[in-house]
There are 2 protein chains.
Amino acid sequence: MDKYYEVLLKSQPFLGFSLEELRSVLEYLNANPVSYPKGSTVFNQGEKITHSGILLEGSVIAESVSYSGERRIIQTLHAGDLFGDVLMYSEHDPTPVSTIVREDSKVLLLDVNELMEKACNPLCRKALVNILHGLADKFWTLNRKIAYLSCNQMRSKIAMFLLDMQKRHNSQTFIAEYSREELASLLGVNRSALSRELSRMQKDGLISFYKSSFKIENLQKLRNCL
Amino acid sequence: MDKYYEVLLKSQPFLGFSLEELRSVLEYLNANPVSYPKGSTVFNQGEKITHSGILLEGSVIAESVSYSGERRIIQTLHAGDLFGDVLMYSEHDPTPVSTIVREDSKVLLLDVNELMEKACNPLCRKALVNILHGLADKFWTLNRKIAYLSCNQMRSKIAMFLLDMQKRHNSQTFIAEYSREELASLLGVNRSALSRELSRMQKDGLISFYKSSFKIENLQKLRNCL
DNA sequence: GAAACTATGTTGCTATAGCAACGTAAATTC
DNA sequence: GAATTTACGTTGCTATAGCAACATAGTTTC
């Protein structure tokens, strides 16, 4: 267990915990790592979820199977990532997502209902609050994505994204943490069409860029794209 | 206060509460209705949110002002609706949303942090769990919306929506709770273009419809649209 | 350092969906 | 019940963005 403390301290539920607090709450919850061999599943589409998981080591992906039987990868999880937190609470539908183990992995299973039952314990409350924050953050991420997708001009999508980045980095020069392909996916557009529009915006003096480094050349004009 | 019990029992935080439980928890939390005159705001864009609100009577809308200064209505709230629940938890950013009072309104303010502090009380826990469920539901609503928006063929969007409805109603015949305008907005398309594509799908024998009543005529073909 | 691969930029073609404008039926108002 | 409004369907025009195919530069592999 000890070898995973570092990962856990960086995971959403235990942000801000001291090592002592972490030890204490894990003992109190009687939480232990579970091994999943490559190819197994942690959650299955259609199941009812009773636990959330924190990936301690290995590799897990979340995917869903569409009506037409096509598989779509929703998320690739990394060590420290919390998954299943949203699933746990939407009891109504069974989960539309499966999590599939890509390499032998260790997962810490958290029963969030138990956490709630034990909320008299301040550490459990602290973890709960952290989980709530995480949920809210995921919510806003989705909201931004919807905002991007809702623009029906590509230039608007790009402008919105760039202005978000400017706000986050508090600078008109920044490096976006996305490849072109990923950015295209985030904005819901074709990659080559994205490249074309970026070039146009550069030609129009709105921005300049090289790979993932962007500079906003004319903030006012960029805002007018919205 | 008594006159609002009915509304509160139908609000997300107090679902499944008995009248006695509701009375008890409200007293315990010392929660009272607050009056907001027409034109005032409950939350202001840029503020830090410390409470969530349950609209007891009146009319409130949530809106945000974009970079370009344009106002966009995000949501129209009705009696019993919980708002600000997501906002409360994303401490990082101040809220990007304002809630504006359209008619003289009464709002019950809930300090969810207080609810968490008092989680030793089973009723407070119950309310917290309800709020979590509500959050998760909102999350899934957004997720579906993203799924719709992500299709780049209008027919795919429509098919996905109709298949969702079929699943929910458990029937190939159903009445969608959206007007054309609203449906167009949900799918992120132009209303008239939506009408056109619906007509085409009818001509192609996929569906039939009259206003908001839909019938899936060929399930397999519809699935193939995805 | 040659070869293979990957990420990104460029361009022509074309289908699609936005937009505007109009028609019609139903609902609401007085 | 006439008048107004609202909701929905229809259609032509056109800009836009998807797609495919290719170019190029940078990176990795051996």
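Structure shown above.
None of the values given here were measured: they were computed from a predicted structure.

Novice: Explain the pattern of salt bridges to me, please; I cannot follow it from the model alone.
Specialist: Opposite charge on two side chains permits pairing when their charged atoms draw close. On inspection of all chains with the given rule, the structure shows 22 salt bridges over all chains. Across the pair Glu117 of chain A and Arg125 of chain B runs a salt bridge whose closest N-O atoms are separated by 3.5 Å. Taken together, the residues span two chains, with Glu117 of chain A in helix α4 (residues 112-117) and Arg125 of chain B in helix α5 (residues 122-150). Classification of Arg125 of chain B by relative accessible area gives buried; the value is 13%.

Novice: Sorry, what's going on with helix α8 (residues 191-203) of chain B here?
Specialist: Side chains of residues three or four places apart in an α-helix project in the same direction, reflecting 3.6 residues per turn. Residue and element names in this part refer to chain B. With 13 residues, α8 extends 18 Å from end C-alpha to end C-alpha; this agrees with the ideal 18 Å at 1.5 Å per step. Listing the buried residues of α8 in full gives Ala193, Leu194, Glu197, Leu198 and Met201. The buried residues of α8 occupy an angular sector of 140° when projected down its axis, which confines them to one face. Turned more than 90 degrees away from the buried face of α8 sit Arg196 and Lys203, all of them exposed. Residues of α8 that are buried make contact with α6 (154-169), α7 (180-187), β8 (207-210), β9 (213-216) and α9 (219-224). Following α8 by one or two positions, Gly205 has its phi on the positive side, about 80°.

Novice: Mind showing me how you'd approach the protein's contact with DNA strand C here?
Specialist: The environment of DNA strand C is made up of 19 residues, and the closest members are Arg180, Ser199 and Phe209 of chain A together with Met154 and Arg196 of chain B. For DNA strand C, the fraction of atoms within 4 Å of the protein that belong to sugar or phosphate moieties is 50%. Taking Arg196 of chain A, its side chain carries an N or O atom lying 3.0 Å from a base oxygen of DNA strand C. Taking Asn190 of chain B, its main chain carries an N or O atom lying 2.9 Å from a phosphate oxygen of DNA strand C. Those elements giving two or more residues to the surface near DNA strand C turn out to be α7 (180-187) and α8 (191-203) of chain A together with α8 of chain B. Top contributing element to the surface near DNA strand C by residue count: α8 of chain A, with five residues.

Novice: What is the right way to look at the relation of the copies chain A and chain B in this model?
Specialist: Put simply, the second copy of the chain is the first one after a rotation about an axis and a shift along it. At an RMSD of 0.1 Å, chain A and chain B line up after a rotation of 180° and a shift of 0.0 Å along the axis. Here the transformation between the copies is reduced to the relation of a two-fold axis. No C-alpha of chain A approaches the rotation axis more nearly than that of Cys120 of chain A, which lies at 2.3 Å.

Here is what the cut-offs are and how they apply
Residues numbered from 1 in each chain as written. Chains lettered and ligands numbered in written order. Predicted model: local features only at pLDDT ≥ 70, side-chain atom pairs only at ≥ 80, totals over all residues. Heavy atoms only, no water. Salt bridge = Lys/Arg side-chain N within 4 Å of Asp/Glu carboxyl O. Helix = DSSP H or I, 4+ residues; strand = E, 2+ residues; numbered from the N terminus. Buried < 20%, exposed > 50% of the residue type's maximum accessible area, 1.4 Å probe, protein only. Expected span 1.5 Å × (residues − 1). Arc of directions from axis to C-beta. Contact = heavy atoms within 4.5 Å. Near = heavy atom within 4 Å. Polar contact = N/O pair within 3.5 Å; in protein donor to acceptor, adjacent residues only side chain to side chain. Least-squares fit on C-alpha atoms with pLDDT ≥ 70 in both.

So, to be careful, I would describe these as geometric facts and stop short of saying anything about function.
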